[in-house]
Amino acid sequence: MNCKTLHTKIIFFTEGSLPAREMEEIKIHLENCSNCAAFANEMKKTLAVIENENTPQLNPFFYTRVKARLENRVEEEKVIRRSPVLVRILQPAMFSLLLLAGIYTGIKIGQPAKISSDVPVFSENEVVPYFNEMETEAIENFLME
Amino acid sequence: MNETEIIQKLQQGNEPAFKELVETYQKLVVNTCFGLVQNTEDAEDIAQEVFIEVFRSIQNFRADAKLSTWLYRIAVNRSLNHIRDNKRSKWFQSFDDVVKGKTLLLNHYASENLGAELENMQRATILHEAIGLLPENQKTAFTLNKYEDLSYKEIAEIMDTSVASVESLIHRAKTGLQKKLYTCYKKKCF
Ligand SMILES: [Zn+2]
């Protein structure tokens, strides 16, 4: 057996689940090949991690936590079920209204900008009147005493 | 209390029966969740949810079914859902990056630790990452076999499939793990 074939069987060798003849073949290879032996050793130690993990330390507070969580959940549901119609229906309705109002305002604010970009002449006339006083004085005058 | 008694009392809303159920099956559920999510905190969190689900749906439990099979199924489903929900964040990280990153972190924090202990922590990290990369049903079959020591027949019942396909799933899982571990070994990410 060459090294490459061995690498595809090493996990089964570690478990001891290969046919006897293959087990023997691999054993002989490992005695003569330090590279494969090192990998086989590492594989064995890595798989041993599972053996250590499958007897976990049980959390002594586990039941208490489950119970607390269950009770919390029951409480939450009671609050929802008990709460008056006012809260259950009117509250979402109010939120929806608020949202609609927001959207409407948004559209209203957005619209003038769109119009003005289409017809720029109007927008100038609309803005300029507020600065009418400035027209009476030439801009150069600001620089003179 | 035997299984039937526990179920009957649970269906009547009996609290001591629930306590007994949790204490009897805590290890089974936590262990199964851990094998799948490979993280202690998440495993316990999911396990708590499993028992809450059991408590709330015990009325629908068929008397002829096996309680442990049902518990395994809920534990597996909830763990797989948890993994799916968390997958997106890991999408762009490759296996080697994750292992290297975690190993660096371990080296950093464990510089005062004993050598052998540190080595085992690294091995655990690599193993967890490699198991995490297995396809869902391979991971499930492998976990039930390796972490819960269940027979192929029991696993087939839980996964609602044939013994032959469980055998094939576990074989592929082991081959996949072996490949990952070898790649990692060659690149010296140990
Ligand atoms: Zn070799």
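Residues numbered from 1 in each chain as written. Chains lettered and ligands numbered in written order. Predicted model: local features only at pLDDT ≥ 70, side-chain atom pairs only at ≥ 80, totals over all residues. Heavy atoms only, no water.

A.B. asks: Looking at this structure, I do not really get helix 8 (residues 152-159) of chain B. What am I missing?
C.D. replies: Each α-helix turn comprises 3.6 residues. Residues three or four places apart therefore point the same way. Residue and element names in this part refer to chain B. What helix 8 keeps buried is the set I155, A156 and I158. In an axial view of helix 8, the angular spread of the buried residues amounts to 165°, which keeps them on one side of the axis. Where helix 8 terminates, the next one or two residues include D160, which has phi positive at roughly 55°. (Buried < 20%, exposed > 50% of the residue type's maximum accessible area, 1.4 Å probe, protein only. Helix = DSSP H or I, 4+ residues; strand = E, 2+ residues; numbered from the N terminus. Arc of directions from axis to C-beta.)

A.B. asks: Just to check I follow, could you spell out the interface of chain B and chain A for this structure?
C.D. replies: Where interface size is given, it is often the accessible area lost as the parts come together that is meant. Each partner contributes to the interface: chain B provides 38 residues, whereas chain A provides 31 residues. Both faces considered, chain B and chain A share a buried interface measuring about 3500 Å² in area, 63% of it formed by carbon and sulfur atoms. The largest per-residue losses of area from chain B upon contact with chain A belong to B:Q48, B:R123 and B:Q178, which jointly make up 19% of the total buried on that side. Taken together, the links from chain B to chain A amount to eight salt bridges. Where A:E15 meets B:K174, a salt bridge forms, and the shortest distance between an N and an O atom there is 2.8 Å. The tally of links between chain B and chain A comes to 19 residue pairs in polar contact (both at pLDDT 80 or more). Every element with two or more residues in the side of chain B that touches chain A is listed here: helix 2 (15-37), helix 3 (40-57), helix 6 (115-132), helix 7 (136-146) and helix 9 (163-186) of chain B. For the side of chain B that touches chain A, the element with the highest residue contribution is helix 2 of chain B, accounting for ten residues. (Contact = heavy atoms within 4.5 Å. Buried area = accessible area lost by both parts, 1.4 Å probe. Salt bridge = Lys/Arg side-chain N within 4 Å of Asp/Glu carboxyl O. Polar contact = N/O pair within 3.5 Å; in protein donor to acceptor, adjacent residues only side chain to side chain.)

A.B. asks: Before we go on, may I ask you to explain the coordination of the zinc ion in this structure?
C.D. replies: When four donors bind a metal tetrahedrally, each ideal donor-metal-donor angle is 109.5 degrees, and when six bind octahedrally, the ideal angles are 90 or 180 degrees. Residue and element names in this part refer to chain A. Only C3 (SG), H29 (NE2), C33 (SG) and C36 (SG) from the protein reach the zinc ion as donors, at distances of 2.1 to 2.4 Å. For the zinc ion, the four donor atoms in the first shell make angles of 106 to 113° at the metal, so the coordination geometry reads as tetrahedral. Coordination of the zinc ion draws on donor residues from a single chain, spaced C-x25-H-x3-C-x2-C in sequence. Placement of C3 in helix 1 (residues 3-7) and of C36 in helix 4 (residues 34-53) is noted, with a sequence separation of 33 residues between them. (Donors = N, O, S within 2.8 Å, 3.2 Å for Na, K, Ca; no water. Tetrahedral: all angles 85-135°; square planar, octahedral: opposite > 155°, others 65-115°.)

A.B. asks: Looking at this structure, I do not really get the packing of helix 2 of chain B against helix 7 of chain B. What am I missing?
C.D. replies: Residues and elements named next belong to chain B. Across the interface, helix 2 lies against helix 7 with an axial gap of 9 Å and an inter-helix angle of 135°. As summarised for this structure, helix 2 and helix 7 are arranged oblique, according to the angle between their axes. Viewed along their axes, helix 2 and helix 7 form a crossing whose handedness is right-handed. Here helix 2 contributes T32, G35 and L36 to the contact with helix 7, which in turn contributes K139, T140, T143 and L144. For the contact of helix 2 with helix 7, the residue count by class is two nonpolar, four polar and one charged. (Axes fitted to C-alpha atoms, helices over the stretch in contact; angles between N-to-C directions. Parallel < 35°, antiparallel > 145°, perpendicular 65-115°, else oblique. Left-handed = near helix turned anticlockwise from the far one by under 90°. Nonpolar A, V, L, I, M, F, W, Y, C, P; charged D, E, K, R; others polar.)

A.B. asks: Is there a simple way to think about the domain arrangement of chain B in this case?
C.D. replies: Residue and element names in this part refer to chain B. Segmentation of chain B into domains returns domain 1 (3-85) and domain 2 (105-186). Each of domain 1 and domain 2 has a C-alpha centre, and these two points are 23 Å apart. Each partner contributes residues to the interface: domain 1 has 15 residues there, and domain 2 has 13 residues. Area buried by domain 1 at its contact with domain 2 is led by Q38, Y72 and R73, which between them contribute 37% of it. Linking domain 1 to domain 2 there are one salt bridge. A salt bridge links R84 to E136, with the shortest nitrogen-to-oxygen separation between them at 2.7 Å. Between the two partners, domain 1 and domain 2, sit nine residue pairs in polar contact (both at pLDDT 80 or more). Where the side of domain 1 that touches domain 2 is concerned, the elements lending two or more residues are helix 2 and helix 4 (67-90). The class makeup of the residues in the side of domain 1 that touches domain 2 is seven nonpolar, five polar and three charged. (Domains from an automatic or database assignment.)

A.B. asks: For this particular structure, what's the right way to read the pattern of salt bridges?
C.D. replies: A side chain with one charge may pair with a side chain of the opposite charge, provided their charged atoms come close. For the coordinates displayed, the defined rule picks out 16 salt bridges over all chains. The salt bridge partner of B:K146 is A:E15, with a shortest N-O separation of 3.0 Å. Here A:E15 lies in helix 2 (residues 10-15) and B:K146 lies in helix 7, a pairing that spans two chains. Since its relative accessible area comes to 28%, A:E15 is described here as partly exposed. Across the pair B:E23 and B:K19 runs a salt bridge, and its minimum N-O distance is 3.7 Å. Of this pair, B:E23 and B:K19 both sit in helix 2, four residues apart, which is roughly one turn of that helix. Since its relative accessible area comes to 47%, B:E23 is described here as partly exposed. Taking the relative accessible area as the measure of exposure, B:K19 reaches 37% and is therefore partly exposed. Sharing partners across several salt bridges, the network here consists of A:R69, A:R73, B:D45 and B:E49.

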